[in-house]
Amino acid sequence: MDQSLKMESIILPGNELYDKKRKVWNATIDKHPGVIVVCESEEDVVKAVRYAKEKGLSVTPRGGGHHVGGFGTCDEGMVIDLSGMRKVTVNEEQLVAVVEGGATLGDIDEETQKFGLATPTGTVSKTGVAGLALSGGLGYLRGKYGLTCDNLVGANLVTADGQLLYVNEEQHPDLYWAIRGGGGNFGIVTNFEFKLYPIGPEVLAVDVMYDYQDAKQIILKAQEYVNQAPDEVSFNVTVTALPPAPFLPEFLHNRKVVMVGGMYAGDPQMGVNVVKPLQELATPIVDKTGVLPYVALQKNLDAMVPDHVAVHGTSLYFTEVTEEAVDVLLAKLDNAPMPTYLAQLWALSGQMNRISPEATAFSNRDSSFVLLLDFMYMGAGPEVCQQWVDSVYDGLLPLSNKGTSYLNGIGANEVAAMNTLGKNYGKLAKIKAKYDPENMFRHNHNVRPQD
Ligand SMILES: Cc1cc2nc3c(=O)[nH]c(=O)nc-3n(C[C@H](O)[C@H](O)[C@H](O)COP(=O)(O)OP(=O)(O)OC[C@H]3O[C@@H](n4cnc5c(N)ncnc54)[C@H](O)[C@@H]3O)c2cc1C
């Protein structure tokens, strides 16, 4: 190993930290990398990649380790762990945040909100920005300002031959295009530059809970709402059974509910009437819609998500969630082996769908909802859970938007990845052949190099 890398940053099997460091968010993933290198600087990343190249190792970059498919780890190859690189620097004049590759969403919000600014990210603060941004990035600002990848204006990236490149509209524009939706296929991003906008400090958050018996009506009305939603409103409809957790009142324990959560990205007072229909999709059992700090909203769901949990997850996009699709989904949920699922339907509208499918590698710009289904299992066997998740996917596939999935919400599935990258796949494969012909970065939704 490169002698100039600190010894404590190189973690080999047998090292006391090895078992802790090889873990990712999804506890079903049990992989054993040949070596884990915890980097603290761009130079560390360059040295680690050069070493891997010399030894012919595959390389898995890890940001926050949250990918449901366990793409932040691998068997045998090298994991380059960026958790030592989480700095966020705000350039107030240029309205740009420079974000290191291991930062979490919480790191970004905390720093940018000091200036009353924000960039579109996601909704759970411990999620890594790297994986999220490289394959999209869905959060409460998607309607107003687009996806996280739509707001990437430049990046530092270490390619498979160990070169550090700056990429943007002018410099290496092919790579700049590819990393906005093409995932971790093209190199390791050490620094992202994201556009910033004035947001908050207080925002209007939608937070309504309905009874499960009204689920069908709620989802169909949500579809009507999204068809005419103003850009300022982004929201999600989540069907779940609440845990018997101490942070919830007892009457909600183990209750099946439909939660509608979202945000109005504008003057909170102006939003009050605009979001009202989302509070009237049925008779609410709890309605906490109101004004709160943006940073608090961005952490609102954290308590619902364990740090390390066994999950099977899948995803499908829909141009429209029809009555038939709702019936299929709810029938499947009624037959789940355990009620430990989170079935989230994210409404998609506004700026994120106004961008041309060819403008960036992220090509899905004509859906009105995406389903993100996570099944957390504690008791029932993993096979039963996987079979059930697969059966939901298979049941809804014919009703989906051309078999496309949110690549940040689905494990390895080559057909889904090819469908999703669609017409952009061929161009991505050529860029891959130019910058990573040996497919060093392959533990992901892999784009195979093709000249
Ligand atoms: C609890 C939870 C909440 C979530 N909430 C949202 C949400 O609100 N919105 C949303 O859009 N998604 C959300 N997601 C999905 C999320 O976008 C993906 O899990 C994403 O992959 C997380 O990025 P990461 O850096 O943590 O992942 P990792 O597992 O570390 O990496 C995922 C992929 O990115 C690549 N990668 C990681 N770092 C780099 C890098 N620096 N350079 C190049 N490639 C890299 C890896 O090789 C891998 O292919 C959520 C996931 C979880 C588990």
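For the protein, an unreviewed UniProt entry supplies the name FAD/FMN-containing dehydrogenase and the organism Mesobacillus persicus. According to UniProt, the comment filed for the protein under the heading Sequence similarities (unreviewed entry) is "Belongs to the oxygen-dependent FAD-linked oxidoreductase family." Quoted verbatim from the Cofactor (unreviewed entry) field of UniProt, the annotation for the protein is "FAD".

(A) Region of interest: the site of the ligand. In the vicinity of the ligand there are 33 residues, among which Gly-63, Gly-65, Thr-123, Leu-138 and Tyr-406 approach most closely. Thr-123 has a polar side-chain atom sitting 2.7 Å from an oxygen atom of the ligand. Across the complex, the protein chains shield 94% of the 950 Å² of accessible surface that the ligand would expose by itself. Elements that contribute at least two residues to the shell around the ligand include exactly strand S3 (59-62), helix H4 (129-134) and strand S10 (188-195). Per-element accounting of the shell around the ligand gives the leading share, four residues, to H4. A class-by-class count of the residues in the shell around the ligand yields 14 nonpolar, 18 polar and one charged.

(B) Spatial organisation of the packing of helix H10 (residues 323-334) against helix H11 (residues 382-396). For the pair H10 and H11, the least separation of the axes is 10 Å and the interaxial angle reads 165°. Between H10 and H11, the angle is such that the two are roughly antiparallel. Considering how the two elements wind past one another, H10 and H11 form a crossing that is right-handed. Of the residues in H11, those touching H10 at Ala-325, Val-328, Leu-329, Lys-332 and Leu-333 are Trp-388, Ser-391, Val-392, Gly-395 and Leu-396. Looking at the contact of H10 with H11, its residues break down into seven nonpolar, two polar and one charged.

(C) View of the side chain of Glu-100. Structurally, the position occupied by Glu-100 is in strand S6 (residues 96-100). This buried residue, Glu-100, is left without a salt bridge; Lys-87 holds the nearest opposite charge, at 6.4 Å. Those residues in contact with Glu-100 that sit more than four places away from it in its chain are Met-85, Arg-86, Lys-87, Thr-190 and Asn-191.

(D) Inspection of the pairing of strand S8 (residues 152-158) at higher detail. The buried count for S8 comes to six of seven residues, which makes it a mostly enclosed element. Bridge count between S8 and S10: six bridges; the pairing is antiparallel. Across the sheet, residue Asn-156 finds its bridge partner in S10, namely Asn-191.

(E) Quick look at unusual backbone geometry. The omega torsion across Gly-200 and Pro-201 is 5°, close enough to zero to call that bond cis. Among the structural elements, Pro-201 can be located in the loop between strand S11 (197-198) and strand S12 (202-211). Residue Asn-254 is not a glycine yet carries a positive backbone phi of 65°. Looking at the secondary structure, you find Asn-254 in the loop between strand S13 (233-241) and strand S14 (256-264). Residues other than glycine seldom take positive phi values, yet Asn-439 does so here, at roughly 60°. Topologically, Asn-439 is positioned in the segment after helix H13 (425-435).

(F) The nonpolar core, seen in detail. Core analysis: the largest hydrophobic core is formed by 89 residues, its most contacted members being Phe-192, Phe-235 and Leu-333. Leave out the neighbours within four places in its chain, and Leu-333 touches Tyr-212, Val-239, Tyr-341, Ala-343, Leu-373 and Trp-388. Among the nonpolar cores identified, the runner-up in size contains 21 residues, and Val-37, Val-49, Val-59 and Leu-82 belong to it.

(G) Molecular detail of the pattern of salt bridges. For the coordinates displayed, the defined rule picks out 18 salt bridges. One salt bridge in this structure joins Arg-86 and Asp-107, with 2.8 Å as the shortest N-O distance. Placement of the pair is Arg-86 in the loop between strand S4 (78-81) and strand S5 (88-91) and Asp-107 in helix H3 (residues 105-112), with a sequence separation of 21 residues. We classify Asp-107 as buried; its relative accessible area is 17%. Residue Glu-414 pairs with Arg-448 through a salt bridge whose shortest N-O separation is 2.9 Å. Placement of Glu-414 in helix H12 (residues 414-421) and of Arg-448 in the segment after H13 is noted, with a sequence separation of 34 residues between them. Residue Glu-414 is classed as partly exposed on the basis of its relative accessible area, which comes to 40%. Look at Arg-448 and you get partly exposed, because its relative accessible area is 45%. Three or more residues joined by partner-sharing salt bridges are found here, namely Asp-19, Arg-22 and Asp-30.

(H) Fine view of the environment of Thr-283. When you line up the elements, Thr-283 lands in the loop between helix H8 (268-279) and strand S15 (284-287). Residues Thr-283 and Asp-211 lie 72 residues apart in sequence; the distance between their C-alpha atoms is 8.0 Å. Each residue touching Thr-283, except ones within four places of it in the same chain, is listed here: Tyr-210 and Asp-214.

(I) Expanded view of the UniProt feature "domain: FAD-binding PCMH-type" (unreviewed entry) in the protein. Look at the UniProt record and you will see "domain: FAD-binding PCMH-type" (unreviewed entry) annotated at residues 29-199. Strand forms 26% of residues 29-199 and helix 22%; the C-alpha atoms that close the span are 37 Å apart.

(J) Structural detail: the state of the cysteines. In total, this model carries zero disulfides according to the counting rule given. Here Cys-74 stays free of any disulfide, with the sulfur of Cys-39 as its closest cysteine sulfur at 14 Å. Given a relative accessible area of 1%, Cys-74 falls into the buried group.

Rules behind the numbers
- Residues numbered from 1 in each chain as written.
- Predicted model: local features only at pLDDT ≥ 70, side-chain atom pairs only at ≥ 80, totals over all residues.
- Heavy atoms only, no water.
- UniProt positions renumbered as here; feature names shortened; annotations may be inferred.
- Near = heavy atom within 4 Å.
- Polar contact = N/O pair within 3.5 Å; in protein donor to acceptor, adjacent residues only side chain to side chain.
- Areas by Shrake-Rupley, 256 points an atom, 1.4 Å probe, with all protein chains shown as cover.
- Helix = DSSP H or I, 4+ residues; strand = E, 2+ residues; numbered from the N terminus.
- Nonpolar A, V, L, I, M, F, W, Y, C, P; charged D, E, K, R; others polar.
- Axes fitted to C-alpha atoms, helices over the stretch in contact; angles between N-to-C directions.
- Parallel < 35°, antiparallel > 145°, perpendicular 65-115°, else oblique.
- Left-handed = near helix turned anticlockwise from the far one by under 90°.
- Contact = heavy atoms within 4.5 Å.
- Buried < 20%, exposed > 50% of the residue type's maximum accessible area, 1.4 Å probe, protein only.
- Lys, Arg positive; Asp, Glu negative; His and termini not counted.
- Salt bridge = Lys/Arg side-chain N within 4 Å of Asp/Glu carboxyl O.
- Pairing = 2+ DSSP bridges.
- Core = buried A, V, L, I, M, F, W, Y, C linked by side-chain atoms within 4.5 Å.
- Disulfide = S-S within 2.5 Å.

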